[in-house]
Amino acid sequence: MPHNRPISPHLQIYRLPLTALISISHRLTGVFLSIGLLGLVFIAWQITLGEDNFNQMQIALNTLPMSILLSGFVYALMFHLCHGLRHILWDAGRTFSREKLTYYALIELVLSASLTLLIIKGLI
């Protein structure tokens, strides 16, 4: 027997706040970093197998898709780092007001993007 009761808000009608999106992104970047670390181990292993493998890996790493993937890995690392620092602030009992949560979320996004660009450009 169907009921005509309202259902809970779902993603089609409920807009997640920035802090929720940041939290979800933090978890996703953790997964991506784990997969990426396996990729880096594979790359290092291939490089140690000799000059031919080193040259092939160097060619593969210089392709556009691999450059995009490595840039994404660096961004995931910087984002995860910035969010981890934010968690340290939370552990100290700071930045819990609604205004500060959104403010620090924006700082986290800008800082992680800036650090990524500086690393990719070779400035740090």
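Details of the structure are given in the entry above.
Since the model is a prediction, treat every value here as computed from it, not as a measurement.

Visitor: Can you help me understand the overall build of the protein chain in this one?
Guide: The number of helices and strands found in the protein chain is four helices and zero strands. Helices and strands appear in the protein chain in the N-to-C order α-α-α-α. In terms of overall size, the protein chain is more extended than a compact globule, its C-alpha atoms giving a radius of gyration of 20 Å where 124 residues would be expected to give roughly 14 Å. When the backbone C-alpha atoms are referred to their principal axes, the protein chain occupies close to 65 × 45 × 25 Å. Buried positions account for 18% of the 124 residues belonging to the protein chain. For the protein chain, restricting intrachain contacts to residue pairs at least 6 apart in sequence, the fraction spanning at least 24 positions comes to 66%. Looking at the protein chain as shown, the accessible area adds up to about 9500 Å², and 69% of this sits on carbon and sulfur atoms. Looking at charge distribution, the protein chain has the averaged site of its 8 positive side-chain charges lying 21 Å from that of its 5 negative ones.

Visitor: Sorry, what's going on with the packing of aromatic side chains here?
Guide: Any aromatic ring pair is given by two values, namely how distant the centres are and how the planes are angled relative to each other. Counting across every chain of the model gives three aromatic pairs. Here the aromatic rings of Phe42 and Trp45 are separated by 5.9 Å at their centres, their planes lie at 55 degrees, and the arrangement is tilted. Highlighted residues: Phe42 and Trp45, both in helix H1 (residues 18-47), separated by three residues, approximately one helical turn. Judged by centre distance (5.4 Å) and plane angle (80 degrees), the rings of Tyr103 and Tyr104 are edge-to-face. Tyr104 gets classed as partly exposed once you look at its relative accessible area, which sits at 27%.

Visitor: Any chance you could explain H1 here in plain terms?
Guide: Every α-helical turn comprises 3.6 residues, leaving residues that sit three or four positions apart pointing alike. Across its 30 residues, H1 extends 41 Å between first and last C-alpha, which sits within 8% of the 44 Å expected from 1.5 Å per residue. Turning to H1, its buried residues number three or more, namely Ile22, His26, Thr29, Leu33, Gly36, Ile43 and Gln46. Tucked inside the fold, the buried residues of H1 contact helix H2 (51-61), helix H3 (64-91) and helix H4 (98-120).

Visitor: Help me understand the packing of H3 against H4 in this model?
Guide: Between two packed helices, both the angle of their axes relative to each other and the distance between the axes serve to describe the pair. Viewed as axis vectors pointing N to C, H3 and H4 meet at an angle of 145 degrees, and their least axial separation amounts to 8 Å. For the pair H3 and H4, the sense of crossing is right-handed. On the side of H3, the interface is formed by Ser71, Val74, Tyr75, Met78, Phe79, Cys82, His83, Arg86, Leu89 and Trp90, while H4 contributes Leu101, Tyr104, Ala105, Glu108, Leu109, Leu111, Ser112, Ala113, Leu115, Thr116, Ile119 and Ile120. Looking at the contact of H3 with H4 residue by residue, the class counts come to 16 nonpolar, four polar and two charged.

Conventions used here
- Residues numbered from 1 in each chain as written.
- Predicted model: local features only at pLDDT ≥ 70, side-chain atom pairs only at ≥ 80, totals over all residues.
- Heavy atoms only, no water.
- Helix = DSSP H or I, 4+ residues; strand = E, 2+ residues; numbered from the N terminus.
- Rg over C-alpha atoms; globule rule 2.2 N^0.38 Å.
- Buried < 20%, exposed > 50% of the residue type's maximum accessible area, 1.4 Å probe, protein only.
- Contact = heavy atoms within 4.5 Å.
- Areas by Shrake-Rupley, 256 points an atom, 1.4 Å probe, with all protein chains shown as cover.
- Lys, Arg positive; Asp, Glu negative; His and termini not counted.
- Charge placed at Lys NZ, Arg CZ, Asp CG, Glu CD.
- Phe/Tyr/Trp six-rings, centres within 6.5 Å; stacked < 30°, edge-to-face > 60°.
- Expected span 1.5 Å × (residues − 1).
- Axes fitted to C-alpha atoms, helices over the stretch in contact; angles between N-to-C directions.
- Left-handed = near helix turned anticlockwise from the far one by under 90°.
- Nonpolar A, V, L, I, M, F, W, Y, C, P; charged D, E, K, R; others polar.

Treat this as a map of the structure, not an account of what it does.
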